[in-house]
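# Descriptive structure summary
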Amino acid sequence: MNADREPASVQVEPPAPGRSGGVAPEPGLDEARALELLRRAGVGRVVYTVGALPAVLPVRFRLDPLGGVLLSTVPGSELARAVDGAVIAFEADEVDGADGTGWCVTVLGRAEVRRPSPAPGARAEIRIAPELVVGRHLAPDAA
């Protein structure tokens, strides 16, 4: 295993007993499957804090070979300033609007802003090193 990546753990929540309304998560997503699903998504949400207040930003992303989430941003952006060195969350999902089935994956980890080259128009890259990967299948509620 690469030293840049701590072993990630996977947490799958069982359905809550007696839960009514909404969609109950089903157990069964291991880390490999969660990352496979995450690779299929084109847009996710980065969750971070600004002045101790929560912020959520939809972003395009890709995964590196170690499961790190890679985001691109303008150098010196609010996002880059807020997340550098911080533990943040990233979530992506695919949910059918008709029946509520689908999946969601959350990655928690420390963000590192990689400064761009001095070339004009170069973008900064943010890497979220996965420390915890949580994956869930979503099934329709039993009626």
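Residues numbered from 1 in each chain as written. Predicted model: local features only at pLDDT ≥ 70, side-chain atom pairs only at ≥ 80, totals over all residues. Heavy atoms only, no water.

### Some words on the environment of Gly 42
What counts, and what does not: By definition, any uninterrupted DSSP run of H or I lasting at least four residues is a helix, any uninterrupted run of E lasting at least two residues is a strand, and each is numbered from the N terminus. Whether a residue is buried, partly exposed or exposed follows from its accessible area with a 1.4 Å probe, protein chains only, as a fraction of its type maximum: under 20%, in between, or over 50%, in that order. Contacts are assigned to residue pairs that have any heavy atoms within 4.5 Å of one another.
Within the fold, Gly 42 resides in the loop between α1 (31-40) and β3 (43-50). When its relative accessible area of 36% is taken as the criterion, Gly 42 is described as partly exposed. Distance in space between the C-alpha atoms of Gly 42 and Arg 62 is 7.7 Å, their sequence separation being 20 residues. Residue contacts for Gly 42: discarding those within four places in its chain leaves Val 59, Arg 60 and Phe 61.

### Thoughts on the confidence of the model for the protein chain
Quick reminder of the rule: On a range of 0 to 100, pLDDT expresses the predictor's confidence in each residue.
In this model, the protein chain carries a mean pLDDT of 83, and residues with pLDDT of at least 70 account for 79%. Long-range and interchain partners of residues 1-26, a stretch whose pLDDT sits below 50, account for 56 contacts in this model, where long-range means more than four residues apart.

### A look at the nonpolar core
Stated formally: What is meant by a nonpolar core is a set of buried Ala, Val, Leu, Ile, Met, Phe, Trp, Tyr and Cys residues, joined one to another through side-chain atoms within 4.5 Å.
One finds Leu 38, Val 46, Phe 61, Leu 71 and Phe 90 to be the most contacted residues of the largest nonpolar core, which totals 29 residues. Elements with a minimum of two residues in this core: α1, β3, β4 (53-60), β6 (69-73), α2 (78-83), β7 (87-95), β8 (102-114) and β9 (124-139). The element contributing the most residues to this core is β8, with five residues. Excluding residues within four positions of it along the chain, Leu 38 makes contact with Phe 61, Leu 63, Phe 90, Ala 92, Trp 103, Val 105 and Val 107.

### Considerations on the environment of Val 83
Looking at the secondary structure, you find Val 83 in helix α2. The exposure class assigned to Val 83 is buried, which follows from its relative accessible area of 1%. The spatial distance from the C-alpha of Val 83 to the C-alpha of Val 47 is 9.4 Å, given a sequence separation of 36 residues. Each residue touching Val 83, except ones within four places of it in the same chain, is listed here: Tyr 48, Ile 88, Ala 111, Val 113 and Ile 126.

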